[in-house]
Amino acid sequence: MSVSPHAPPLAQASRSWRAALRRVVAGVLVPMGGLLGSSPALAQVAPAESASLSGLVSELLQRQTQAQALNPAPQTPSGNPVKSPRVEVVLGELDPRLKLAPCQKVNAYVPQGMKLWGKTRVGLRCEQGPVRWNVFWPVTVKVWGAALVVTAAVEPGQELGPQDVKLAEVDLAESTSPAVLTLPEALGRLSQRRLQAGQSLRQADLRARRWFSAGDPVRLHVTGSGFMAASEGVALAHGDEGRCARVRTSQGKVVCAQPVADGMAELTL
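None of the values given here were measured: they were computed from a predicted structure.

### Considerations on the overall build of the protein chain
A tally of regular secondary structure across the protein chain gives four helices and twelve strands. Here the protein chain, with 269 residues, has 41% of them falling under the buried criterion. Long-range contacts, defined as pairs at least 24 residues apart, comprise 56% of the intrachain contacts of the protein chain with a sequence gap of at least 6. Put simply, the protein chain shows about 14600 Å² of open surface, and 54% of that area lies on carbon and sulfur atoms.

What follows is the structure, encoded as C-alpha coordinates:
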(Lines give C-alpha, C1' and ligand atoms only; values in the text may rest on other atoms or scores of the structure.)
Protein backbone atom coordinates (compact mmCIF):
# COMPACT_ATOMS: atom_id res chain seq x y z
CA MET A 1 0.00 0.00 0.00
CA SER A 2 1.40 3.43 -0.87
CA VAL A 3 0.48 6.94 -1.83
CA SER A 4 2.53 7.03 -5.02
CA PRO A 5 2.40 5.23 -8.36
CA HIS A 6 5.53 3.31 -7.39
CA ALA A 7 4.09 1.32 -4.52
CA PRO A 8 6.06 -1.87 -3.71
CA PRO A 9 4.40 -5.22 -4.50
CA LEU A 10 2.54 -6.73 -1.57
CA ALA A 11 4.46 -9.92 -2.06
CA GLN A 12 7.76 -8.27 -1.06
CA ALA A 13 7.12 -8.20 2.69
CA SER A 14 4.51 -7.31 5.25
CA ARG A 15 6.95 -4.72 6.59
CA SER A 16 6.59 -2.68 3.39
CA TRP A 17 2.82 -2.72 3.83
CA ARG A 18 2.97 -1.57 7.44
CA ALA A 19 5.60 1.11 6.79
CA ALA A 20 3.67 2.52 3.84
CA LEU A 21 0.47 2.47 5.84
CA ARG A 22 2.09 4.40 8.68
CA ARG A 23 3.24 7.02 6.17
CA VAL A 24 -0.30 7.29 4.79
CA VAL A 25 -1.81 7.69 8.23
CA ALA A 26 0.82 10.20 9.25
CA GLY A 27 -0.21 12.27 6.25
CA VAL A 28 -3.82 12.06 7.38
CA LEU A 29 -3.55 12.82 11.07
CA VAL A 30 -0.27 14.70 11.62
CA PRO A 31 -0.45 17.61 12.10
CA MET A 32 -3.97 17.55 13.49
CA GLY A 33 -4.63 21.14 12.47
CA GLY A 34 -4.21 20.23 8.80
CA LEU A 35 -6.70 17.38 9.09
CA LEU A 36 -9.47 18.75 11.26
CA GLY A 37 -9.61 22.32 10.08
CA SER A 38 -8.16 25.62 11.15
CA SER A 39 -9.17 25.48 14.81
CA PRO A 40 -6.19 26.76 16.88
CA ALA A 41 -7.09 24.36 19.69
CA LEU A 42 -6.73 21.37 17.38
CA ALA A 43 -3.55 22.73 15.85
CA GLN A 44 -1.99 22.78 19.32
CA VAL A 45 -2.56 19.09 20.14
CA ALA A 46 0.52 17.72 21.91
CA PRO A 47 2.84 15.57 19.77
CA ALA A 48 2.34 12.57 22.07
CA GLU A 49 -1.45 12.81 21.68
CA SER A 50 -1.14 13.18 17.92
CA ALA A 51 1.07 10.08 17.82
CA SER A 52 -1.50 8.17 19.87
CA LEU A 53 -4.31 9.11 17.48
CA SER A 54 -2.14 8.30 14.50
CA GLY A 55 -1.44 4.85 15.92
CA LEU A 56 -5.15 4.27 16.51
CA VAL A 57 -6.07 5.10 12.92
CA SER A 58 -3.08 3.15 11.60
CA GLU A 59 -4.35 0.03 13.36
CA LEU A 60 -7.87 0.52 12.00
CA LEU A 61 -6.78 1.10 8.41
CA GLN A 62 -4.39 -1.83 8.42
CA ARG A 63 -7.00 -4.21 9.79
CA GLN A 64 -9.86 -3.04 7.59
CA THR A 65 -7.87 -2.73 4.36
CA GLN A 66 -6.35 -6.16 4.66
CA ALA A 67 -9.62 -7.80 5.68
CA GLN A 68 -11.91 -6.10 3.16
CA ALA A 69 -9.73 -5.39 0.13
CA LEU A 70 -6.94 -7.94 0.18
CA ASN A 71 -8.08 -10.92 2.24
CA PRO A 72 -9.00 -12.83 0.25
CA ALA A 73 -7.10 -11.42 -2.72
CA PRO A 74 -9.13 -10.40 -5.80
CA GLN A 75 -10.31 -13.48 -7.68
CA THR A 76 -11.25 -14.48 -11.18
CA PRO A 77 -14.84 -15.65 -11.81
CA SER A 78 -13.50 -19.21 -11.57
CA GLY A 79 -12.13 -18.52 -8.09
CA ASN A 80 -8.43 -18.18 -8.96
CA PRO A 81 -6.70 -15.44 -6.92
CA VAL A 82 -5.04 -12.50 -8.66
CA LYS A 83 -1.28 -12.89 -8.31
CA SER A 84 0.77 -10.25 -6.48
CA PRO A 85 -1.63 -7.28 -6.50
CA ARG A 86 -0.25 -3.99 -5.20
CA VAL A 87 -2.28 -1.39 -3.38
CA GLU A 88 -2.11 2.37 -3.73
CA VAL A 89 -4.08 4.79 -1.56
CA VAL A 90 -4.90 8.30 -2.77
CA LEU A 91 -6.16 10.64 -0.06
CA GLY A 92 -8.75 13.25 -0.90
CA GLU A 93 -9.40 16.46 1.04
CA LEU A 94 -11.95 17.55 3.58
CA ASP A 95 -14.30 20.35 2.57
CA PRO A 96 -12.25 23.52 3.27
CA ARG A 97 -15.43 25.26 4.47
CA LEU A 98 -15.64 22.94 7.49
CA LYS A 99 -15.13 24.65 10.85
CA LEU A 100 -14.70 21.95 13.45
CA ALA A 101 -14.86 22.54 17.19
CA PRO A 102 -11.94 21.53 19.42
CA CYS A 103 -11.99 17.86 20.37
CA GLN A 104 -10.13 15.89 23.01
CA LYS A 105 -10.88 12.46 21.55
CA VAL A 106 -11.25 11.69 17.83
CA ASN A 107 -12.12 8.19 16.63
CA ALA A 108 -11.45 7.02 13.07
CA TYR A 109 -13.72 4.32 11.66
CA VAL A 110 -14.93 2.73 8.44
CA PRO A 111 -18.64 3.57 7.95
CA GLN A 112 -21.01 0.61 8.01
CA GLY A 113 -21.38 -0.99 4.60
CA MET A 114 -18.27 0.69 3.19
CA LYS A 115 -15.21 -1.17 1.92
CA LEU A 116 -11.71 0.17 1.47
CA TRP A 117 -11.87 -0.55 -2.27
CA GLY A 118 -12.16 2.01 -5.06
CA LYS A 119 -13.70 5.36 -4.14
CA THR A 120 -14.61 5.20 -0.48
CA ARG A 121 -14.25 7.15 2.76
CA VAL A 122 -13.06 6.96 6.35
CA GLY A 123 -15.08 8.52 9.15
CA LEU A 124 -13.68 10.83 11.85
CA ARG A 125 -15.86 11.27 14.90
CA CYS A 126 -15.40 13.56 17.90
CA GLU A 127 -16.29 11.50 20.98
CA GLN A 128 -15.15 13.89 23.69
CA GLY A 129 -15.48 17.65 23.32
CA PRO A 130 -17.86 20.59 23.72
CA VAL A 131 -19.42 19.78 20.32
CA ARG A 132 -19.75 16.25 18.93
CA TRP A 133 -19.05 16.22 15.21
CA ASN A 134 -18.64 13.61 12.47
CA VAL A 135 -16.91 14.11 9.11
CA PHE A 136 -15.74 11.86 6.30
CA TRP A 137 -12.31 11.78 4.69
CA PRO A 138 -12.49 10.71 0.99
CA VAL A 139 -10.09 7.95 0.02
CA THR A 140 -9.44 6.09 -3.23
CA VAL A 141 -8.02 2.60 -2.83
CA LYS A 142 -6.45 1.29 -6.03
CA VAL A 143 -5.61 -2.39 -6.42
CA TRP A 144 -3.25 -2.96 -9.33
CA GLY A 145 -3.11 -6.36 -11.00
CA ALA A 146 -2.91 -8.09 -14.38
CA ALA A 147 -6.09 -8.00 -16.45
CA LEU A 148 -7.16 -7.57 -20.07
CA VAL A 149 -7.11 -4.25 -21.90
CA VAL A 150 -8.39 -3.46 -25.39
CA THR A 151 -5.64 -3.11 -28.02
CA ALA A 152 -7.73 -1.19 -30.58
CA ALA A 153 -11.17 0.40 -30.79
CA VAL A 154 -13.99 -2.15 -30.56
CA GLU A 155 -17.46 -1.47 -31.91
CA PRO A 156 -20.73 -2.55 -30.24
CA GLY A 157 -21.60 -6.13 -31.20
CA GLN A 158 -18.05 -6.93 -32.33
CA GLU A 159 -16.76 -10.39 -31.45
CA LEU A 160 -13.49 -10.24 -29.55
CA GLY A 161 -10.51 -12.16 -30.90
CA PRO A 162 -6.96 -12.63 -29.60
CA GLN A 163 -5.83 -9.58 -31.57
CA ASP A 164 -8.29 -7.31 -29.73
CA VAL A 165 -7.07 -7.76 -26.15
CA LYS A 166 -3.86 -8.18 -24.18
CA LEU A 167 -2.77 -8.49 -20.56
CA ALA A 168 -1.64 -5.34 -18.78
CA GLU A 169 -1.57 -3.88 -15.29
CA VAL A 170 -4.88 -2.20 -14.46
CA ASP A 171 -6.65 -0.81 -11.41
CA LEU A 172 -8.97 -3.69 -10.52
CA ALA A 173 -10.93 -1.45 -8.14
CA GLU A 174 -11.53 1.33 -10.67
CA SER A 175 -15.00 0.10 -11.62
CA THR A 176 -17.81 -1.69 -9.83
CA SER A 177 -17.82 -4.19 -12.70
CA PRO A 178 -15.13 -6.89 -12.25
CA ALA A 179 -12.13 -6.76 -14.58
CA VAL A 180 -11.78 -9.55 -17.15
CA LEU A 181 -8.61 -11.36 -16.08
CA THR A 182 -8.05 -14.18 -18.59
CA LEU A 183 -8.32 -14.65 -22.35
CA PRO A 184 -10.91 -17.48 -22.20
CA GLU A 185 -13.28 -15.10 -20.40
CA ALA A 186 -13.18 -12.68 -23.37
CA LEU A 187 -12.53 -14.59 -26.60
CA GLY A 188 -15.64 -15.10 -28.69
CA ARG A 189 -17.71 -12.69 -26.59
CA LEU A 190 -19.57 -9.76 -28.14
CA SER A 191 -18.97 -6.20 -26.99
CA GLN A 192 -21.86 -4.41 -25.28
CA ARG A 193 -20.54 -0.94 -26.21
CA ARG A 194 -17.79 0.91 -28.02
CA LEU A 195 -14.43 0.40 -26.32
CA GLN A 196 -11.31 2.53 -26.67
CA ALA A 197 -7.76 1.27 -27.14
CA GLY A 198 -6.06 0.83 -23.78
CA GLN A 199 -9.37 0.59 -21.90
CA SER A 200 -9.61 -1.97 -19.11
CA LEU A 201 -12.05 -4.70 -20.18
CA ARG A 202 -14.86 -5.25 -17.67
CA GLN A 203 -17.54 -7.91 -17.37
CA ALA A 204 -20.19 -5.27 -18.02
CA ASP A 205 -18.54 -4.52 -21.39
CA LEU A 206 -19.35 -8.00 -22.69
CA ARG A 207 -22.62 -9.61 -23.64
CA ALA A 208 -23.48 -12.87 -21.91
CA ARG A 209 -22.86 -15.96 -24.00
CA ARG A 210 -26.00 -17.60 -25.37
CA TRP A 211 -25.33 -21.33 -25.17
CA PHE A 212 -28.68 -22.34 -26.69
CA SER A 213 -31.98 -20.81 -27.80
CA ALA A 214 -35.59 -21.54 -26.95
CA GLY A 215 -36.70 -24.77 -28.70
CA ASP A 216 -33.17 -26.23 -28.90
CA PRO A 217 -32.41 -29.70 -27.52
CA VAL A 218 -30.44 -29.51 -24.27
CA ARG A 219 -28.21 -32.04 -22.53
CA LEU A 220 -28.73 -31.91 -18.78
CA HIS A 221 -26.06 -32.79 -16.25
CA VAL A 222 -27.84 -33.47 -12.96
CA THR A 223 -25.94 -33.60 -9.67
CA GLY A 224 -27.17 -34.25 -6.17
CA SER A 225 -26.06 -35.65 -2.84
CA GLY A 226 -23.82 -38.56 -3.82
CA PHE A 227 -24.94 -38.97 -7.43
CA MET A 228 -24.55 -37.64 -10.97
CA ALA A 229 -26.81 -38.32 -13.94
CA ALA A 230 -27.36 -37.21 -17.53
CA SER A 231 -30.68 -36.40 -19.13
CA GLU A 232 -32.15 -34.79 -22.24
CA GLY A 233 -34.59 -31.93 -22.55
CA VAL A 234 -35.87 -29.05 -24.64
CA ALA A 235 -35.16 -25.41 -23.85
CA LEU A 236 -38.26 -23.34 -23.09
CA ALA A 237 -36.18 -20.14 -22.91
CA HIS A 238 -32.86 -18.84 -24.20
CA GLY A 239 -29.86 -20.25 -22.37
CA ASP A 240 -27.82 -17.15 -21.53
CA GLU A 241 -24.68 -17.45 -19.44
CA GLY A 242 -25.25 -16.61 -15.79
CA ARG A 243 -29.05 -16.88 -16.00
CA CYS A 244 -31.29 -19.77 -15.09
CA ALA A 245 -33.02 -21.26 -18.18
CA ARG A 246 -36.26 -23.27 -18.10
CA VAL A 247 -35.85 -26.72 -19.63
CA ARG A 248 -38.53 -29.40 -20.12
CA THR A 249 -37.05 -32.83 -19.43
CA SER A 250 -37.86 -36.00 -21.36
CA GLN A 251 -40.16 -36.96 -18.45
CA GLY A 252 -42.16 -33.76 -18.97
CA LYS A 253 -40.90 -31.96 -15.86
CA VAL A 254 -39.89 -28.29 -16.16
CA VAL A 255 -36.67 -27.42 -14.35
CA CYS A 256 -34.47 -24.34 -14.06
CA ALA A 257 -30.91 -25.16 -15.12
CA GLN A 258 -27.71 -23.15 -15.52
CA PRO A 259 -26.40 -22.94 -19.13
CA VAL A 260 -22.70 -23.87 -19.15
CA ALA A 261 -21.76 -24.76 -22.76
CA ASP A 262 -23.18 -25.21 -26.26
CA GLY A 263 -26.48 -27.07 -25.84
CA MET A 264 -25.64 -28.01 -22.26
CA ALA A 265 -26.99 -27.04 -18.84
CA GLU A 266 -26.36 -28.11 -15.25
CA LEU A 267 -28.97 -28.85 -12.62
CA THR A 268 -28.19 -29.23 -8.93
CA LEU A 269 -30.79 -30.98 -6.78
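### Regarding the packing of aromatic side chains
For the structure shown, the criterion picks out zero aromatic pairs. For Arg121, the ring lying beneath its charged end belongs to Phe136, and the centroid distance is 4.1 Å. When the ring centre of Tyr109 is taken as reference, the NZ or CZ atom of Arg125 above it lies at 4.0 Å.

### A few points about the nonpolar core
Soluble globular proteins: nonpolar side chains tend toward being buried together. In this structure, Leu124, Trp133, Val135, Val139, Val141, Ala147 and Leu172 are the most contacted members of the largest nonpolar core, which totals 26 residues. Of all the secondary structure elements, the ones that give two or more residues to this core are strand E1 (86–91), strand E2 (105–109), strand E3 (118–128) and strand E4 (134–150). The element best represented in this core is E4, accounting for seven residues. Among the nonpolar cores identified, the runner-up in size contains twelve residues, and Phe212, Ala235, Ala245 and Ala265 belong to it.

### Quick word on the pairing of strand E7 (residues 217–224)
When E7 meets strand E8 (residues 227–235), the two strands line up antiparallel, connected through eight bridges. Across the sheet, residue Val218 finds its bridge partner in E8, namely Gly233. Counted between consecutive antiparallel strands, the loop separating E7 from E8 contains two residues, among which Gly226 sits at a positive phi close to 85 degrees. In terms of strand pairing, E7 meets strand E12 (residues 264–268) through five bridges, oriented parallel. Considered in E12, the bridge of Leu220 is made with Ala265.

### Observations concerning the environment of Ala101
One can find Ala101 in the loop between E1 and E2. Under the relative-accessibility criterion, Ala101 is labelled buried at 19%. It is 7.9 Å that separates the C-alpha atoms of Ala101 and Gly129, two residues lying 28 residues apart in sequence.

### Examining the state of the cysteines
The final tally for this structure, using the stated rule, is two disulfides. The partner cysteine of Cys103 in its disulfide is Cys126, sulfur to sulfur 2.2 Å. On the sign convention where negative means left-handed, the S-S torsion of about 105 degrees between Cys103 and Cys126 marks this disulfide as right-handed. Linking Cys103 in the loop between E1 and E2 with Cys126 in strand E3, this pair joins segments that are 23 residues apart in sequence. Summarising the burial analysis for this pair, Cys103 and Cys126 share the class buried. The side chain of Cys244 participates in a disulfide bridge whose partner is Cys256; the two sulfur atoms lie 1.1 Å from each other. Residue Cys244 is found in the loop between strand E9 (239–240) and strand E10 (245–249), and its partner Cys256 is found in strand E11 (residues 254–261); the two are separated by twelve residues along the sequence. Residue classification places Cys244 among the partly exposed positions, given a relative accessible area of 36%. Cys256 sits in the partly exposed class, given a relative accessible area of 42%. Each bonded cysteine in the protein chain gets a number by its place in the sequence, and the pairs come out as 1-2, 3-4.

### Topic: the sheet that holds E11
Pairing within the closed barrel is mixed, and its five strands lie in the order E7-E8-E10-E11-E12. Within the sheet, the average angular offset between the axes of one strand and its neighbour, ignoring direction, is 50 degrees. Two elements, E10 and E11, share four bridges in a ladder whose sense is antiparallel. Note that in E11 the partner of Ala245 across the bridge is Ala257.

### Here's the deal with the environment of Lys119
In this fold, Lys119 is placed in strand E3. Of the residues examined, Lys119 reaches a relative accessible area of 76% and is grouped as exposed. Linking Lys119 and Thr140, residues 21 residues apart in sequence, is a C-alpha distance of 4.4 Å. The residues touching Lys119, leaving out its near neighbours within four places in the chain, are Val139 and Thr140.

Rules behind the numbers
- Residues numbered from 1 in each chain as written.
- Predicted model: local features only at pLDDT ≥ 70, side-chain atom pairs only at ≥ 80, totals over all residues.
- Heavy atoms only, no water.
- Helix = DSSP H or I, 4+ residues; strand = E, 2+ residues; numbered from the N terminus.
- Buried < 20%, exposed > 50% of the residue type's maximum accessible area, 1.4 Å probe, protein only.
- Contact = heavy atoms within 4.5 Å.
- Areas by Shrake-Rupley, 256 points an atom, 1.4 Å probe, with all protein chains shown as cover.
- Phe/Tyr/Trp six-rings, centres within 6.5 Å; stacked < 30°, edge-to-face > 60°.
- Lys NZ or Arg CZ within 6 Å of the ring centre and 35° of its normal.
- Core = buried A, V, L, I, M, F, W, Y, C linked by side-chain atoms within 4.5 Å.
- Pairing = 2+ DSSP bridges.
- Disulfide = S-S within 2.5 Å.
- Axes fitted to C-alpha atoms, helices over the stretch in contact; angles between N-to-C directions.

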